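# Tertiary structure, described
Residues per chain are reported as follows:
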Amino acid sequence: MKITMLNGVLNVPDNPTIPFIEGDGIGPDVWSASKLVMDAAVEQTYKGARKIEWKEILAGEKAFKETGEWLPAATLDIAREYLISIKGPLTTPVGGGIRSLNVAMRQELDLFVCLRPVKWYKGVPSPVTHPENVNFVIFRENTEDIYAGIEFASGSPEAKKLMDFLTNELGAGKKVRFPETSAFGIKPVSKEGSERLIRAAIKYAIEHKLPSVTLVHKGNIMKFTEGGFKTWGYELAEREFADQVYTWGQWENAKKTQGEDAANARMKHEQSLGKLIVKDVIADNFLQQILLAPQDYSVVATLNLNGDYISDSAAAAVGGIGISPGANINYNTGHAVFEATHGTAPRFANTNTMNPSSLLLSGVMMLEYMGWHEAAQNIEQALATTIMRKRVTIDFYNLMNDATLLKTSEFASEIIKNLH
């Protein structure tokens, strides 16, 4: 049966059909392991009352070999029809042709939130002293910024036209240092796109009773794009969530009119009432802060490129992207694609050695999104137990003392043993 969306609420039957893309390179190995664990957890948690019916759809190398297309229209049609899908890592040809398949799916399905939780599991090797302090969720805008793909190659007629336009129409040509050899990219950032991302982040924080949402931006340099993101975020928070949030913008105004001590007292009072604090930080400073004081952040909302850097940087603190899940979601339509966040690692394809945790934890996110919280929690605790007992795949084995080395499939079996 199909998952549907009615009046903003997902309707998930007990036996939903969920499309999957197994992925390229190590994709089949990590997908097979993840599917085994998810099926076992659903069966064990709900005693057979619920079951996922899996439906394969094609993208990447497998799609190209079978259909001659890297991303068939039928794949996108099925993903639209069934609302929720999950996929392994996909190859993108280098040096021309199509852009990233991941980006293409996000654009085509208007999946405007890239949701990346960052959380440490006890026993996972980490390069930081206190990885337990890293526990926040990143809302990365997924459809705008430079990922819109508006680029013109150096020396192309389009680049020349744009250079002429900058010079003759906008009077900005002198800001281009080497006009004859410059390539150009356009960075669209809209009020609507920024607001829907920040709205989703604030709603998530309120629903999960988290203390803050931080707008991460580079508005000190890009004043109208990234600066607009910050401004629109504060305006939205104060307009749509007036009774539930207190913003740094309001604190700044109080500081100007009443003095710093009074403003700080007001901030503490608003926090004592349980209000969500909406604040902001410059992106380069934030990359320092997630190492120095990660406990100060619970939900982060940011633009596309910043989110790309931040997601992988933060993941390193909790063990790397091999254990970092991800989802691409349109909270308005219900469409969601859950995915492994790592690459295809083709030289390890079919070796049954790689860590499936990124894709498996993305499956956990999928189950939570479906409202199957019990099964999601069952998998997460079983994975944590397995890692704590040091029965792990090669990536963690090489960084642990006295660990037991497991194949991908054996790791999945161990997690299943540890299910409640």
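That block above? That's the structure.
Residues numbered from 1 in each chain as written. Predicted model: local features only at pLDDT ≥ 70, side-chain atom pairs only at ≥ 80, totals over all residues. Heavy atoms only, no water.

Tallied over the entire structure, the rule returns 11 aromatic pairs. Summarising the aromatic geometry, the rings of Phe 286 and Tyr 297 are spaced 4.9 Å apart at their centres and angled 80° between planes, so their arrangement reads as edge-to-face. Of this pair, Phe 286 sits in helix H10 (residues 283-292) while Tyr 297 sits in the loop between H10 and strand S13 (299-302), placing them 11 residues apart in sequence. Per residue, the accessibility class of Phe 286 equals that of Tyr 297, and both read buried. Both rings, one in Tyr 331 and one in Tyr 369, keep their centres 6.5 Å apart while their planes meet at 75°; by these two values the pair is edge-to-face. Taken together, the positions of Tyr 331 in the loop between strand S14 (325-329) and strand S15 (336-340) and Tyr 369 in helix H12 (residues 357-370) put the pair 38 residues apart, joining distant regions of the chain. Take Tyr 331: its relative accessible area is 29%, and that puts it in the partly exposed class. By relative accessible area, Tyr 369 is classed as buried at 19%. In this structure, Arg 50 is placed above the aromatic ring of Tyr 46, and the distance from its NZ or CZ to the ring centre is 4.6 Å. Above the face of the Tyr 147 ring, Arg 140 is positioned so that its terminal group lies 5.1 Å from the ring centre. (Phe/Tyr/Trp six-rings, centres within 6.5 Å; stacked < 30°, edge-to-face > 60°. Helix = DSSP H or I, 4+ residues; strand = E, 2+ residues; numbered from the N terminus. Buried < 20%, exposed > 50% of the residue type's maximum accessible area, 1.4 Å probe, protein only. Lys NZ or Arg CZ within 6 Å of the ring centre and 35° of its normal.)

All right, on to helix H13 (residues 373-388) then. Taking 1.5 Å per residue as the helical rise, H13 with its 16 residues ought to reach 22 Å, and the 22 Å between its terminal C-alpha atoms agrees with that figure. Taken together, the buried positions of H13 are occupied by Ala 375, Ala 376, Asn 378, Ile 379, Glu 380, Ala 382, Leu 383, Thr 385, Thr 386 and Ile 387. In this fold, the buried residues of H13 make contact with helix H1 (27-46), strand S6 (113-119), H12, strand S16 (391-392), helix H14 (394-397) and helix H15 (408-417). Positive backbone phi, at 60°, marks Lys 390, one or two positions downstream of H13. (Expected span 1.5 Å × (residues − 1). Contact = heavy atoms within 4.5 Å.)

Next up on the list: helix H5 (residues 157-168). End to end, H5 covers 16 Å across 12 residues, agreeing with the expected 16 Å (1.5 Å per residue, within 8%). Those residues of H5 lying buried are Ala 159, Leu 162, Met 163 and Leu 166. Buried residues along H5 cover an arc of 100° about the axis, so they all sit on one side. The outward face of H5, more than 90 degrees from its buried face, is lined by the exposed residues Pro 157, Lys 160, Lys 161 and Asn 168. For H5, the elements touching its buried residues are strand S8 (151-152) and strand S9 (184-185). (Arc of directions from axis to C-beta.)

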